[in-house]
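# Coordinate inspection notes
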Protein chains: 2
Amino acid sequence: MSLARMGNELRCQCISTHSKFIHPRTIQDVTLTQSGPHCQNVEVIATLKDGTEVCLDPTASWVKIIIKAILDK
Amino acid sequence: MSLARMGNELRCQCISTHSKFIHPRTIQDVTLTQSGPHCQNVEVIATLKDGTEVCLDPTASWVKIIIKAILDK
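Residues numbered from 1 in each chain as written. Chains lettered and ligands numbered in written order. Predicted model: local features only at pLDDT ≥ 70, side-chain atom pairs only at ≥ 80, totals over all residues. Heavy atoms only, no water.

This paragraph deals with the pattern of salt bridges. Taken as a whole and assessed by the stated rule, the structure comprises four salt bridges over all chains. For Asp72(B), the salt bridge identified is with Lys64(A), shortest N-O distance 2.6 Å. Taken together, the positions of Asp72(B) in helix H1 (residues 61-72) and Lys64(A) in helix H1 (residues 61-72) put the pair across two chains. Judged by relative accessible area, which is 28%, Lys64(A) ranks as partly exposed. Salt bridges sharing partners connect three or more residues here, namely Lys64(A), Lys68(B) and Asp72(B). (Salt bridge = Lys/Arg side-chain N within 4 Å of Asp/Glu carboxyl O. Helix = DSSP H or I, 4+ residues; strand = E, 2+ residues; numbered from the N terminus. Buried < 20%, exposed > 50% of the residue type's maximum accessible area, 1.4 Å probe, protein only.)

This is the structure in structure tokens:
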């Protein structure tokens, strides 16, 4: 269990966000973290199938589309 | 880093899903995991602010609404 998933992480996880489209097929999972005392931003972190973690921009329309695609699968 | 987040977990994480509405205010983060060889279901796991992990039904409309609410915040 990672500290981040336990809600114990005390800072933002994302320094920058990936700007290019990532195909949902390459994504293993996506974690949405609410803003709060630890970080003023909503953070969206995708784990790709190769294990890479990528921060995505929660306000980007393609990010919303990917999340919808995963839910609707 | 949890094994689940590294994409190394070899089975479904959710045995059942929580059927009652959970207010987004009580949620710390939400992880959407794609279906794949490890599990035939899309899995949605919410971590609440008290550290509890709860499986949600990805097809439930209130779950989609909560996810949208987090993204639009």
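The structure having been displayed, the exposition proceeds.
We now examine the confidence of the model for chain A. Residues and elements named next belong to chain A. Chain-level statistics for chain A give a pLDDT mean of 88 and a share of 88% at 70 or above. At the level of individual helices and strands, chain A shows its lowest average pLDDT in H1, which scores 95, and its highest in strand S2 (residues 43-48), which scores 97. Taken as a whole, residues 1-7 scores under 50 in pLDDT and shows 20 contacts with residues more than four places along the chain or in a different chain. The ipTM assigned to the predicted complex is 0.83, against a pTM of 0.85. (pLDDT = per-residue confidence, 0-100. Contact = heavy atoms within 4.5 Å.)

Another aspect to go through is the state of the cysteines. Residue and element names in this part refer to chain A. One pass over the full model with this rule turns up four disulfides over all chains. A sulfur-sulfur distance of 2.1 Å marks the disulfide that ties Cys12 to Cys39. Linking Cys12 and Cys39, the disulfide has an S-S dihedral of approximately 95 degrees and is accordingly described as right-handed. Placement of the pair is Cys12 in the segment before strand S1 (27-33) and Cys39 in the loop between S1 and S2, with a sequence separation of 27 residues. A relative accessible area of 27% means that Cys12 is categorised as partly exposed. When the bonded cysteines of chain A are numbered from the N-terminus onward, they pair as 1-3, 2-4. (Disulfide = S-S within 2.5 Å.)

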